[in-house]
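Per-entry structural report
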Amino acid sequence: MRKIRTAETRAVRRRWATLTTALVCAATTWAGAPAARALPAPAAAPVSVAGIAAPAVGPVSPALITTTAHPGNRIALTFDDGPSPQFTPQLLQVLKKHQVKAVFCVVGEQVEWQQAQVRAIVADGHTLCNHTYGHRDLTSVSSTEIEADIVRTNAQIRSAVPGVEIPYFRAPYGNWGQSPAVAANLGLRPLSWTLMPGDWELPGVDVLLQRLRDGITPTGVITLHDAGGDRQQTVDAVDRLITEYTAKGWSFDLPAR
Ligand SMILES: [Zn+2]
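Residues numbered from 1 in each chain as written. Predicted model: local features only at pLDDT ≥ 70, side-chain atom pairs only at ≥ 80, totals over all residues.

Below, the discussion takes up the overall build of the protein chain. Scanning the protein chain from N- to C-terminus turns up eight helices and seven strands. Buried positions account for 49% of the 257 residues belonging to the protein chain. Contacts spanning at least 24 positions in sequence make up 79% of the contacts within the protein chain whose residues lie at least 6 apart. (Helix = DSSP H or I, 4+ residues; strand = E, 2+ residues; numbered from the N terminus. Buried ≥ 20, exposed ≤ 12 C-beta atoms within 10 Å, placed from the backbone. Contact = placed C-beta atoms within 7 Å.)

What follows is the structure, given as structure tokens:
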């Protein structure tokens, strides 16, 4: 975590379109697990945008999720910014080999041209998370705009996989702004994390694995990336991580709901 803060700060104001291989998803002020905050849900009911009906789900808690669904020596793996035509299939292969289920926080613009990968993620039994349409920093975005973005992204995902459940939402860079309450009102739980080891820095598989070992805690939620640059190190580190932690008696869980 200590190596992440500088990169995060630089990353915060960059537009998604200008991002190259690095500095994705990071939080502005990382200081351990974000505190769960109860935000008031907006009074307005989910609305339709551009004729797209909002999903028929009830409000859920706007508290940020930072734990696995079950207690004990468990961790949840989450992968942001995809799907990627190159690395998502590799990651799916690794997860299938180990019989581990994960969460994929997909970006609408990626989903547009990677529909087959979204279908593959769902076909393998993984869970989807809405990561906005264009990986926008939501710090100063209005609730109305956030709602439109979430609904549009859900619709894009469901154009690939009709009716698929999208139980989570994750704000890019961890800059939540108004989004936890908006997402919750639309039935999506805001999914945070306890460990983001900076795979975008391409530190090498050994270093990445050591950062994971150093930061993993029981019931932790880990954020890695399957797109946004060369993610071979991520794929290889995940393969070794699962082997190592399974041998130590740990198991892999989904995040809490
Ligand atoms: Zn991201």
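Structure's up, so let's keep going.
Before going further, it helps to examine the nonpolar core. One finds Leu 77, Val 103, Phe 104, Cys 129, Ile 222 and Val 238 to be the most contacted residues of the largest nonpolar core, which totals 61 residues. Leave out the neighbours within four places in its chain, and Cys 129 touches Thr 78, Val 103, Phe 104, Cys 105, Ile 166, Tyr 168, Phe 169, Arg 170 and Leu 191. (Core = buried A, V, L, I, M, F, W, Y, C linked by C-beta atoms within 7 Å.)

All right, on to the packing of helix H2 (residues 87–98) against helix H8 (residues 232–247) then. Running from N to C, H2 and H8 cross one another at 10 degrees; their axes reach a closest spacing of 9 Å. Our classification of the angle between H2 and H8 gives roughly parallel. Note on packing geometry: the crossing formed by H2 with H8 is right-handed. Only Val 235, Val 238, Asp 239, Ile 242 and Thr 246 of H8 make contact with H2, whose side of the interface consists of Phe 87, Gln 90, Leu 91, Val 94 and His 98. (Axes fitted to C-alpha atoms, helices over the stretch in contact; angles between N-to-C directions. Parallel < 35°, antiparallel > 145°, perpendicular 65-115°, else oblique. Left-handed = near helix turned anticlockwise from the far one by under 90°.)

Turning our eyes to something else, we now look at the pairing of strand E1 (residues 74–80). Of all seven residues in E1, six are buried, a share of seventy percent or more. Both E1 and strand E7 (residues 251–252) contribute to a ladder of two bridges, which runs parallel. The residue of E7 that forms the bridge with Ile 75 is Phe 252. Where E1 and strand E6 (residues 220–225) come together, six bridges link them in parallel fashion. In the strand pairing of E6, Ile 75 is matched with Gly 220. Across three bridges, the pairing between E1 and strand E2 (residues 103–106) is parallel. Its bridge partner lying in E2, Phe 79 is registered against Phe 104. You can see the chain leave E1, run along H2 and come back into E2, and the turn it takes is right-handed. (Pairing = 2+ DSSP bridges. Right-handed = clockwise from strand over helix to strand, strands pointing away.)

Attention shifts here to the environment of Leu 195. Note on placement: Leu 195 falls in the loop between strand E5 (189–190) and helix H7 (205–215). Counting along the chain gives 28 residues from Leu 195 to Thr 223, while the straight-line C-alpha distance between them is 6.2 Å. Ignoring anything within four residues of it in the chain, the contact list for Leu 195 reads Gly 215, Ile 216, Gly 220 and Ile 222.

Note that the residue after Gly 82, namely Pro 83, is joined by a cis bond; omega there is 5 degrees. Take Pro 83: it is sitting in the loop between E1 and H2. For Thr 132, which is not a glycine, the phi torsion comes out positive at approximately 75 degrees. Secondary-structure assignment places Thr 132 in the loop between strand E3 (127–130) and helix H5 (143–160). Phi angles above zero are rare outside glycine, and Thr 219 is one such case at about 70 degrees.

Glancing now at the packing of H7 against H8. Relative orientation and spacing of two packed helices are given, respectively, by the angle between their axes and the distance between those axes. Interhelical geometry of H7 versus H8 gives an angle of 50 degrees and a closest axis separation of 9 Å. With respect to H8, the element H7 is oriented oblique. As for how H7 packs across H8, the hand of that crossing is right-handed. Contacts between H7 and H8 pair Val 205, Leu 208, Leu 209 and Leu 212 from the former with Gln 233, Asp 236, Ala 237, Arg 240 and Leu 241 from the latter.

All right, on to H2 then. Compared with an ideal rise of 1.5 Å per residue, which puts twelve residues at 16 Å, H2 spans 17 Å between its outermost C-alpha atoms and is within 8% of the ideal. Listed as buried for H2 are Phe 87, Thr 88, Leu 91, Leu 92, Val 94 and Leu 95. Looking down the long axis of H2, one finds its buried residues gathered within 160 degrees of arc, a one-sided arrangement. When the buried face of H2 is taken as reference, the exposed residues oriented beyond 90 degrees from it are Gln 93 and Lys 97. Buried residues along H2 sit in contact with E1, helix H4 (115–123) and H8. In the stretch just after H2, Gln 99 is the one whose phi turns positive, near 55 degrees. (Expected span 1.5 Å × (residues − 1). Arc of directions from axis to C-beta.)

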